[in-house]
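The lines below spell out each chain.
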Amino acid sequence: MGSINKSDRITLRLIHPMNGKNKEFNFVPEDTAADVAQYVFDNWPTDWESHRVHSPHILRLIYQGRFIHGNVSLGALQLPLGKTTAMHIMARETLPEPNSQGNVIKTLNNNYLQGLSMHKTLPNNVCVI
């Protein structure tokens, strides 16, 4: 098998919403959101240690304001090879169901802001939609 160079990979800059810190990871287009969650869980960044989760199955990726389901590949999202794409990663047991207007983002923001209020300060680099 030949070596894979950076131009054949997708670099994800994953932003942790509870502390605002980010970490970059490299993946291939065939990797799914579930693969990313498993890899991040297995290689949990040391500066995220205080927010470690108990299972990779509750890690969710958010890209362009939408939750990415576990079976969706990075290639299906048409992420650019050899470039860095920012996503948020958060712990959530289930994905939200759209209400009658399909307003998933409002529910996510309300839940997210409630979680932040427990910490009393807003972390740096937080994007609230």
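This is a predicted model, so every value here is computed, not measured.

Peer 1: Outline the side chain of D31, supporting the account with residue identities and numerical values.
Peer 2: Structurally, D31 is set in the loop between β2 (22-27) and α1 (33-42). Within the buried set, D31 has no salt-bridge partner at all; the shortest N-O distance to an opposite charge, 5.5 Å, is to R9.

Peer 1: Describe the packing of aromatic side chains, naming the residues involved and giving the relevant values.
Peer 2: When we look at a pair of aromatic rings, we describe it by the centre distance and by the angle of the planes. A complete count under the given rule lists four aromatic pairs for this structure. With a centroid separation of 6.4 Å and 35 degrees between ring planes, the pair formed by F25 and F27 is classed as tilted. For the pair shown, F25 and F27 are each scored as buried. A ring pair is formed by F25 and Y39, whose centres lie 5.9 Å apart and whose planes are at 90 degrees; its orientation type is edge-to-face. Note that F25 is positioned in strand β2 and Y39 in helix α1, a separation of 14 residues in sequence. Through successive ring pairs, a cluster of aromatic residues spans F25, F27 and Y39.

Peer 1: Which residues make up unusual backbone geometry, and what values go with them?
Peer 2: For Q64, which is not a glycine, the phi torsion comes out positive at approximately 50 degrees. Take Q64: its relative accessible area is 66%, and that puts it in the exposed class. One non-glycine residue, Q78, lies in the positive phi region at around 55 degrees. Among the secondary structure elements, Q78 is positioned in the loop between β4 (66-68) and β5 (84-91). Residue classification places Q78 among the exposed positions, given a relative accessible area of 69%.

Peer 1: Tell me what's going on with the nonpolar core, and back it up with residues and numbers.
Peer 2: Core analysis: the biggest nonpolar cluster contains 22 residues, and L12, L14, V36, V40, L61, L74 and M87 have the highest contact counts within it. Taken together, the elements giving at least two residues each to this core come down to β1 (10-15), β2, α1, β3 (59-63) and β5. It is α1 that contributes the most residues to this core, five residues altogether. Excluding residues that lie within four positions of it along the chain, L61 makes contacts with L14, A33, V36, R66, F67, I68, M87, H88 and I89.

Peer 1: Describe the environment of N71, with residues and values.
Peer 2: With respect to the secondary-structure elements, N71 resides in the loop between β4 and β5. With 39 residues separating them in the primary sequence, N71 and T32 have C-alpha atoms 5.6 Å apart.

Peer 1: Residues and numbers for the pattern of salt bridges, please.
Peer 2: What the rule picks out here adds up to two salt bridges. Across the pair R13 and E24 runs a salt bridge whose closest N-O atoms are separated by 2.5 Å. A residue pair is termed long-range when its members are at least 10 positions apart, and R13 in strand β1 and E24 in strand β2 qualify at eleven residues. We note a salt bridge from E49 to R52, for which the minimum N-O separation is 2.8 Å. A relative accessible area of 41% means that E49 is categorised as partly exposed.

Peer 1: So what about the pairing of β3? Which residues, and what values?
Peer 2: Of all five residues that make up β3, five are buried, and the element is covered over most of its length. What you see with β3 is no split at all: L59, L61 and Y63 on one side and R60 and I62 on the other are buried throughout. Direction of pairing for β3 relative to β5: antiparallel, over a ladder of four bridges. When the bridges of β5 are listed, L61 appears paired with I89. Where β3 and β4 come together, three bridges link them in antiparallel fashion. In the sheet register, L61 faces β4, and the bridge partner there is I68. What sits between β3 and β4 in their antiparallel hairpin is a turn of two residues, with Q64 showing a positive phi close to 50 degrees.

The rules behind each value
Residues take numbers from 1 onward in each chain, read along the sequence in its written order. Reporting in this predicted model follows two pLDDT cut-offs: at least 70 for local features of residues, and 80 or more for side-chain atom pairs to be given and counted; totals over whole chains, interfaces and linings ignore these cut-offs and use all residues. Side-chain numbers come from the whole structure's heavy atoms, not from hydrogens or water. Only DSSP runs of H or I covering at least 4 residues are called helices, and only runs of E covering at least 2 are called strands; the numbering of each starts at the N terminus. Burial here depends on accessible area, computed with a 1.4 Å probe over protein chains only, as a share of the maximum for the residue type. Under 20% is buried, over 50% is exposed, and the range in between is partly exposed. For the charge count, each Lys or Arg is scored as positive and each Asp or Glu as negative, with His and the chain ends excluded. Salt bridge, as used here: a side-chain nitrogen of Lys or Arg that lies within 4 Å of a carboxyl oxygen of Asp or Glu. For Phe, Tyr and Trp, where Trp contributes only its six-membered ring, two rings pair if their centres lie within 6.5 Å, and the inter-plane angle classes them as stacked under 30 degrees, edge-to-face over 60, or tilted in between. Only buried residues count toward a nonpolar core. Its members are Ala, Val, Leu, Ile, Met, Phe, Trp, Tyr and Cys residues joined through side-chain atoms within 4.5 Å. Any two residues whose heavy atoms approach within 4.5 Å are treated as being in contact. The pairing criterion for strands is at least two bridges between them, as found by DSSP.

Any functional reading would require information that these geometric values do not contain.
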